[in-house]
Amino acid sequence: MKKSIQKTLTSLLLVAALCISGLCYQAETTKAATTNYTNLFTTDNLDDEAPVAAGQTVNYNFKVSSNGTITLLVYTLPKTAMTLKITSATGVTLYDKTILSTDDGWYEYPISESLSLFYNGITWKNPTAGTYTLSLTFEEDTYYMASAVQEPATQTPTQAPTPTAVPYLTASSATVTVGFSQTISVNNNSGAVTWKSSNSSVASVSNGKITGKKKGTATITAKTASGYTMNCKVTVKKNEYSVKKLAVSKVTYGKTGLDIYKVSYDKKGNLVIKARVLNNSSYKLQKIKNLKIKIKNNNGKVIGTYSAKNLKKVNLKAGKAKAYTFKIKKSKLKVKKKADLRLIANPSVSGKAYYIR
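Residues numbered from 1 in each chain as written. Predicted model: local features only at pLDDT ≥ 70, side-chain atom pairs only at ≥ 80, totals over all residues. Heavy atoms only, no water.

### What about the overall build of the protein chain?
- Looking only at helices and strands, the protein chain features 2 helices and 26 strands.
- The burial tally for the protein chain puts 43% of its 357 residues in the buried class.
- For the protein chain, the proportion of contacts with a sequence separation of at least 24, taken over those separated by at least 6, is 66%.
- Element-wise, carbon and sulfur atoms account for 48% of the exposed surface of the protein chain, whose accessible area totals about 19,800 Å². (Helix = DSSP H or I, 4+ residues; strand = E, 2+ residues; numbered from the N terminus. Buried < 20%, exposed > 50% of the residue type's maximum accessible area, 1.4 Å probe, protein only. Contact = heavy atoms within 4.5 Å. Areas by Shrake-Rupley, 256 points an atom, 1.4 Å probe, with all protein chains shown as cover.)

### Considering the nonpolar core
- One finds Leu271, Leu291, Ile293, Ile303 and Phe326 to be the most contacted residues of the largest nonpolar core, which totals 28 residues.
- Taken together, the elements giving at least two residues each to this core come down to strand 21 (256-265), strand 22 (271-279), strand 23 (284-296), strand 24 (302-311) and strand 25 (321-328).
- Take this core: its biggest share by element is 5 residues, from strand 23.
- Discounting chain neighbours no more than four positions away, the residues touching isoleucine 293 are Leu258, Ile260, Ile273, Gly304, Thr305, Tyr306, Phe326, Ser348 and Val349. (Core = buried A, V, L, I, M, F, W, Y, C linked by side-chain atoms within 4.5 Å.)

### A few points about the confidence of the model for the protein chain
- With 81% of its residues at a pLDDT of at least 70, the protein chain reaches an overall mean of 82.
- pLDDT under 50 marks residues 9-34. Its contacts with residues more than four places away, or in other chains, come to 40 contacts.
- Under a pLDDT of 50 for its full length, residues 103-111 has, in the predicted model, 25 contacts with residues more than four places off or in other chains. (pLDDT = per-residue confidence, 0-100.)

### With respect to the side chain of asparagine 45
- Along the chain, asparagine 45 falls in the loop between strand 1 (38-44) and strand 2 (57-64).
- Each residue touching asparagine 45, except ones within four places of it in the same chain, is listed here: Ala50, Pro51, Val52, Thr142, Tyr143 and Tyr144.

### Remarks on a positive patch on the surface
- Together, Lys329, Lys330, Lys332, Lys336 and Lys338 make up a positively charged patch on the protein surface.
- Relative to the assigned elements, lysine 338 resides in the loop between strand 25 and strand 26 (348-356).
- When its relative accessible area of 46% is taken as the criterion, lysine 338 is described as partly exposed. (Patch = residues over 30% accessible without salt bridge, like charges linked within 9 Å, V, L, I, M, F, W, Y side chains within 5 Å. Salt bridge = Lys/Arg side-chain N within 4 Å of Asp/Glu carboxyl O. Lys, Arg positive; Asp, Glu negative; His and termini not counted. Charge placed at Lys NZ, Arg CZ, Asp CG, Glu CD.)

### Observations concerning the environment of leucine 84
- By the secondary structure assignment, leucine 84 is in strand 4 (residues 81-88).
- Given the relative accessible area of 1%, leucine 84 is considered buried.
- Sequence separation between leucine 84 and serine 135 is 51 residues, and the spatial gap between their C-alpha atoms is 5.9 Å.
- In contact with leucine 84, not counting residues within four places along its chain, are Val74, Tyr95, Asp96, Lys97, Ile99, Gly121, Ile122, Ser135 and Leu136.

### Side note on the sheet that holds strand 26
- The 3 strands are arranged 24-23-26 in an open sheet whose pairing can be described as antiparallel. Strands at the two margins of the open sheet, each flanked by one partner only, are strand 24 and strand 26. Sheet twist, expressed as the average angle between the axes of neighbouring strands with direction ignored, equals 10°.
- By the bridge criterion, 8 bridges tie strand 23 to strand 26 in an arrangement that is antiparallel. (Pairing = 2+ DSSP bridges. Axes fitted to C-alpha atoms, helices over the stretch in contact; angles between N-to-C directions.)

### So, the environment of asparagine 280
- In this fold, asparagine 280 is placed in the loop between strand 22 and strand 23.
- Residue asparagine 280 is classed as buried on the basis of its relative accessible area of 14%.
- For the pair asparagine 280 and threonine 252, spaced 28 residues apart in sequence, the C-alpha to C-alpha distance is 7.0 Å.
- When residues no more than four places from it in sequence are discounted, the contact partners of asparagine 280 are Val248, Ser249, Val251, Thr252, Tyr253, Gly254 and Lys255.
- A polar contact of 2.6 Å, which involves the side chain of asparagine 280, links it to the backbone oxygen of valine 251. (Polar contact = N/O pair within 3.5 Å; in protein donor to acceptor, adjacent residues only side chain to side chain.)

As structure tokens, then:
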């Protein structure tokens, strides 16, 4: 199966690599064969056991030493949306766009005076000499092959034009907590931007400020006055600290631990802590004295502290767990305004356990 994938992608890449500046291999065999093309890089993951994971970015550096036309090609199995991004060695973004890989036919339209997009790739005329980075991000698990070739200019221009830096969003995806906001912006843009949310009941947007309304997903669209449209995928999550419950065996043997797996606000604004006492000793846990739980925000500031001088009648057998719910009243909280609990630091716990045989 993998050899078949590689064979398919290789044949596509060889044909397309010769379709530069209107020269198609089948129609112009002799001319294409005699043109002095320079291979800048060729790469693939076809020998890997697994495809590149969805959302993972792969980067390739390539060096341009002369003028001409560069063709960057990417082929994928299966067809998928992919983001192609070009940045210079100084960090300037020259190109950043999401396209759908396809084999339905050739099409091309200008991005700027020097950059054009065609299916599965980019043509770039007369780039400035230097080192650049191609970044690829696929929206689903993907096998791929990528290549860049350069055709020399028919005549040397007096001065190679500098590619126009195109607008791009500071984030293509974001996670926001219900009741909280995150701001994104458009770089390389001097004009007005129109913002829109695909689902304003989940996430609203105003001048790039995204506010979480309820759990769900939405797409934020930014459109510049010059006609560029960019998307940011937003996931809105509940305002709670939530982690997977620990097994008793995760506690050091001979010890008792308190596993806090959820922290949230109730309707009255009290802070509710869901926890489990884990007894990984050889004895029955009778009680816990001077129990103290500190809830801190991501900056280390204490939101609230739960204290109990004596947690009596625990009576927990060796190797067992017992669930508890602790509450810090709103009036006792040090931070009165609701905090983003999804981003809090791991709660700190102290206390002394007492056992009986």
